[in-house]
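# Structural characterization, general
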Amino acid sequence: MAYGYIGSMKTRPGKRDDVVALLLSGAESLRELGCSSYVVGLAADDPDTIVVTEVWESKDHHDASLRLPEAKEAIAAAMPMLTGEFTSRELVVAGGLGAG
């Protein structure tokens, strides 16, 4: 079964769109790394919260993507714009549209 990840992050006021742009900047290349679904969403009830939902072939594929220089650069650029409030949940994906 595929690996799923749902994470949220809170941005500093006025920085949400900048962080979203960073998150989406490398999205097109994720498919070749083993990602079948990568969705960046904006919390409807909080203007500073971003939720990212991902489906990968495996946890190893996901972890490898985070070690790429481009990912490390994007994370380093985003960190000063974040408050440090994060949530995360790992999933075993049973199926669904875009689930692999």
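Structure's up top.
This section reports on the structure supplied with the text. What you see is a predicted model, and the numbers here were worked out from it, not measured in a lab.

## Looking at the pattern of salt bridges
Under the defined criterion, the tally for this structure stands at 4 salt bridges. Residue Lys 59 pairs with Asp 63 through a salt bridge whose shortest N-O separation is 3.1 Å. In this pair, Lys 59 and Asp 63 both sit in helix 2 (residues 59–66), 4 residues apart, roughly one turn of the helix. Look at Lys 59 and you get partly exposed, because its relative accessible area is 36%. A relative accessible area of 22% means that Asp 63 is categorised as partly exposed. Between Glu 90 and Lys 59 there is a salt bridge, with its nearest N and O atoms 3.3 Å apart. Taken as a pair, Glu 90 in strand 4 (residues 82–93) and Lys 59 in helix 2 lie far apart in primary sequence, 31 residues in all. Sharing partners across several salt bridges, the network here consists of Lys 59, Asp 63 and Glu 90.

## A look at the environment of Met 1
Residue placement: Met 1 occurs in the segment before strand 1 (2–11). Met 1 sits in the exposed class, given a relative accessible area of 77%. Spatially, the C-alpha atom of Met 1 lies 26 Å from that of Phe 86, the residues being 85 residues apart in sequence. Residues in contact with Met 1, not counting those within four places in the same chain, are Glu 57, Val 92, Val 93 and Ala 94.

Scoring rules and cut-offs
Residues numbered from 1 in each chain as written. Predicted model: local features only at pLDDT ≥ 70, side-chain atom pairs only at ≥ 80, totals over all residues. Heavy atoms only, no water. Salt bridge = Lys/Arg side-chain N within 4 Å of Asp/Glu carboxyl O. Helix = DSSP H or I, 4+ residues; strand = E, 2+ residues; numbered from the N terminus. Buried < 20%, exposed > 50% of the residue type's maximum accessible area, 1.4 Å probe, protein only. Contact = heavy atoms within 4.5 Å.

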